[in-house]
Amino acid sequence: LQWLGGYWKLPLQAMDSEDLRGRIVSVAKQGTAPVPGAHLHDVYASLGDMVSLLFNTNANSLSHISLSRRYSEFPEFSAFVCSRLAASMRVRDRQRSQQILELARSSIGKLSGLQRDLVLSYIERNAGIYEAMHSRWQTAEAGFRKALQAMPANATA
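Predicted model only: the values in this text are computed from it and were never measured.

Basis of the calculations
Residues numbered from 1 in each chain as written. Predicted model: local features only at pLDDT ≥ 70, side-chain atom pairs only at ≥ 80, totals over all residues. Heavy atoms only, no water. Core = buried A, V, L, I, M, F, W, Y, C linked by side-chain atoms within 4.5 Å. Buried < 20%, exposed > 50% of the residue type's maximum accessible area, 1.4 Å probe, protein only. Helix = DSSP H or I, 4+ residues; strand = E, 2+ residues; numbered from the N terminus. Contact = heavy atoms within 4.5 Å. Axes fitted to C-alpha atoms, helices over the stretch in contact; angles between N-to-C directions. Parallel < 35°, antiparallel > 145°, perpendicular 65-115°, else oblique. Left-handed = near helix turned anticlockwise from the far one by under 90°. Nonpolar A, V, L, I, M, F, W, Y, C, P; charged D, E, K, R; others polar. Polar contact = N/O pair within 3.5 Å; in protein donor to acceptor, adjacent residues only side chain to side chain. Patch = residues over 30% accessible without salt bridge, like charges linked within 9 Å, V, L, I, M, F, W, Y side chains within 5 Å. Areas by Shrake-Rupley, 256 points an atom, 1.4 Å probe, with all protein chains shown as cover. Salt bridge = Lys/Arg side-chain N within 4 Å of Asp/Glu carboxyl O.

**What about the nonpolar core?**
1) Next: Grouped together as the largest cluster of nonpolar side chains are 16 residues, with contacts concentrated most on I100, I108 and I123.
2) Next: Of all elements in the fold, only α5 (75–88), α6 (94–107) and α7 (114–133) reach the threshold of two or more residues within this core.
3) Next: Counting residues per element, this core draws most heavily on α5, at five residues.
4) Next: If we skip the residues at most four places from it in the chain, I100 touches H64, C82, L85, A86 and M89.

Dropping the structure here:
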């Protein structure tokens, strides 16, 4: 892994500004500052091999089985990453996408709580999108309604 360097994204306003948003939100296009080398090395040391693990291109690392195993202690997150995988492949492999989405849905079926509801809403929304992509509008609408039922605050459903 080769690091290219780093820069600070600066907020629009100075730290003593009364504009809270202006002094917190950083905008790379509005201003940047160089990061001292010692700070960069601290960041690199803190990251360790996380970047390599995150961008691992080994095909086996992106199967729904390996993702389910990797996150087995966090079933809601496991279901989310598997459903995200399903969403990423719905154009190139429709049948497999639907199978993975259904496995994700069933894996959280016996759970309860906010995290389950959030993931279920995401799964149902993606099921609705899949149906809409195939012009099955009534089935798509049913999926979107299920997404809203699971999480009424889901603005994307």
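**Structural notes on the packing of α5 against α6**
1) Next: It is the contact of α5 with α6, at a shortest axis distance of 8 Å, that shows an interaxial angle of 165 degrees. Taken together, α5 and α6 sit at an angle that is classed as roughly antiparallel. The two elements α5 and α6 cross, and the hand of that crossing is left-handed. Contacts between α5 and α6 pair A79, C82, S83, L85, A86 and A87 from the former with S97, I100, L101, A104 and S107 from the latter.
2) Next: For the contact of α5 with α6, the per-class residue count stands at eight nonpolar, three polar and no charged.

**Observations concerning the side chain of H64**
1) Next: Relative to the helices and strands, H64 resides in helix α4 (residues 64–70).
2) Next: Residue classification places H64 among the buried residues on the basis of a relative accessible area of 12%.
3) Next: In this structure the side chain of H64 is engaged in a polar contact, spanning 3.2 Å, whose partner is the side chain of R96.
4) Next: Those residues in contact with H64, other than ones at most four positions away along the chain, are C82, L85, R96, I100 and L103.

**Brief notes about the packing of α5 against α7**
1) Next: For the pair α5 and α7, the least separation of the axes is 9 Å and the interaxial angle reads 15 degrees. In terms of orientation, α5 lies roughly parallel with respect to α7. Judged by the sense of rotation from one axis to the other, the crossing of α5 with α7 is left-handed. Of α7, the residues touching α5 (which contributes E76, A79, F80, S83, R84 and A87) are Q115, R116, V119, Y122, I123 and N126.

**Let's talk about a nonpolar patch on the surface**
1) Next: On the surface, a cluster of nonpolar side chains totalling about 260 Å² of accessible area is made up of L20, I24 and V25.
2) Next: Along the chain, I24 turns up in helix α1 (residues 20–24).

Without other data, these values stay purely geometric and don't point to any function.
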